[in-house]
Amino acid sequence: MTDKYNVIFILGGPGAGKGTQCNKIVKEFGFVHLSAGDLLRAERNEPDSEFGEEIAQHIKNGSIVPVAITCSLLKREMKRSKENDDKDFFLIDGFPRNNDNLDGWNSEMSGLVNLKSVLVFDCPKKVCVDRCLERGKTSGRTDDNKTSLEKRIQTFTDSTMPVIEYYRRENLVNEVSAERPEDEVFEDVKRIIQKIQSENNS
Ligand code: UDP
Ligand code: MG
């Protein structure tokens, strides 16, 4: 028995399909989906937020918001889900994105969390960019444009890949090839999660 939060980190380039696959996982397995980007966008849109402007700049630049902000939003939501809905299994989507995120998370959260896996969606850059540009036609996001995307891809390569490599050395990475139709990708995702669950119960 444990009363820790169970967590799967979901990582991959912009447009790799993290949010889409998380929605499918939620339907099938009932976990709670926490998109760090969505939480930051919501905080940015709060008229009274003291961090709104700082967050807005980072999102548009494709750079990374200081971990104290992101981590506190994630922690607040995890606490709320556990207290209000008795949910304790979380998909944390789009985090940790760099070493600062990793260090901040580890010092604040590692004692409260069972990290089950880091699920990585592997997708060629060109496909990622094309998907985001397509999404940009209707998403209303300030960063689904060519200039922001170049920076986001660069940030992913320079800052997020080392985090993935860190977790790979910890034997926590499960990788899925994401350049396929979403249902096909989900078949692989489902198998991985079922395996994680069976290890959980054994
Ligand atoms: N972001 C951040 N820290 C996070 C998650 C997101 O700073 O932990 C910011 C960052 O500027 C990023 C943007 O939010 O480029 C959009 O992130 P999101 O995860 O929504 O984009 P996705 O990767 O899903 O396309
Ligand atoms: Mg997303």
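Rules used throughout
Residues numbered from 1 in each chain as written. Chains lettered and ligands numbered in written order. Predicted model: local features only at pLDDT ≥ 70, side-chain atom pairs only at ≥ 80, totals over all residues. Heavy atoms only, no water. Helix = DSSP H or I, 4+ residues; strand = E, 2+ residues; numbered from the N terminus. Rg over C-alpha atoms; globule rule 2.2 N^0.38 Å. Buried < 20%, exposed > 50% of the residue type's maximum accessible area, 1.4 Å probe, protein only. Contact = heavy atoms within 4.5 Å. Areas by Shrake-Rupley, 256 points an atom, 1.4 Å probe, with all protein chains shown as cover. Lys, Arg positive; Asp, Glu negative; His and termini not counted. Charge placed at Lys NZ, Arg CZ, Asp CG, Glu CD. Expected span 1.5 Å × (residues − 1). Near = heavy atom within 4 Å. Polar contact = N/O pair within 3.5 Å; in protein donor to acceptor, adjacent residues only side chain to side chain. Nonpolar A, V, L, I, M, F, W, Y, C, P; charged D, E, K, R; others polar. Pairing = 2+ DSSP bridges. Axes fitted to C-alpha atoms, helices over the stretch in contact; angles between N-to-C directions. Salt bridge = Lys/Arg side-chain N within 4 Å of Asp/Glu carboxyl O.

J.: Hey, could you run me through the overall build of the protein in this one?
T.: Looking only at helices and strands, the protein features eight helices and five strands. Beginning at the N terminus, the succession of helices and strands in the protein can be written as β-α-β-α-α-α-β-α-β-α-α-β-α. In terms of overall dimensions, the protein is globule-like: its C-alpha atoms have a radius of gyration of 16 Å, near the 17 Å expected for 202 residues. In terms of principal-axis extent, the alpha carbons of the protein reach across some 50 × 40 × 30 Å. Expressed as a percentage of its 202 residues, the buried residues of the protein come to 46%. Within the protein, residue pairs in contact and separated by at least 24 positions form 76% of the contacts whose partners lie at least 6 positions apart. Accessible surface, the protein: about 10600 Å² in total, of which carbon and sulfur atoms supply 45%. Averaging the locations of the 30 positively and 35 negatively charged side chains of the protein gives two centres separated by 3 Å.

J.: Help me understand helix H4 (residues 67-85), please; the structure alone is not making it clear to me.
T.: Counted at 1.5 Å a residue, the expected span for H4 with its 19 residues is 27 Å, and the 26 Å between its end C-alpha atoms agrees. Here H4 has its buried residues at Val67, Ile69, Thr70, Cys71, Leu73, Leu74, Glu77, Met78 and Ser81. Downstream of H4 by a residue or two, Asp86 has a phi angle that is positive, lying close to 55°.

J.: Would you mind going over the site of ligand 1 with me for this structure?
T.: In the vicinity of ligand 1, 21 residues are found, and the nearest of them are Lys18, Arg41, Ser63, Val65 and Arg152. Contacts to ligand 1 include Val65, whose backbone N or O atom sits 2.8 Å from an oxygen atom. Measuring from an oxygen atom of ligand 1, one finds a side-chain N or O atom of Arg152 at 2.7 Å. With four residues, the single largest contributor to the shell around ligand 1 is helix H2 (residues 36-45). A class-by-class count of the residues in the shell around ligand 1 yields seven nonpolar, seven polar and seven charged.

J.: Can you walk me through the pairing of strand E4 (residues 113-122) in this structure?
T.: Within a regular strand, the side chains alternate between the two sheet faces. By the bridge criterion, eight bridges tie strand E1 (residues 5-12) to E4 in an arrangement that is parallel. The partner of Val7 across the bridge, within E4, is Leu115. Of the strand pairs in this sheet, E4 and strand E5 (residues 173-177) are connected by five bridges, and their pairing is parallel. Looking across to E5, one finds that Asp122 is bridged to Ser177.

J.: Just to check I follow, could you spell out the sheet that holds E1 for this structure?
T.: Think of a sheet as strands paired side by side through backbone hydrogen bonds, with each pair either parallel or antiparallel. Ordered by their spatial adjacency, five strands build an open sheet running E2-E3-E1-E4-E5, and the pairing between neighbours is parallel. Only two strands of the sheet have a single partner each, and these edge strands are strand E2 (32-35) and E5. Direction aside, neighbouring strands of the sheet carry axes that sit 25° apart on average. Sheet strands touched by H2: E2 and strand E3 (89-93). Its angle to E2, the strand with the most contacts, is close to 60°.

J.: What is the right way to look at the side chain of Lys18 in this model?
T.: Topologically, Lys18 is positioned in helix H1 (residues 18-29). Despite its burial, Lys18 pairs with no opposite charge; the closest candidate is Asp93, at 5.0 Å N-O. Apart from residues lying up to four places away in sequence, Lys18 is in contact with Ile10, Leu11, Gly12, Gly13, Asp93, Gly94 and Phe121.

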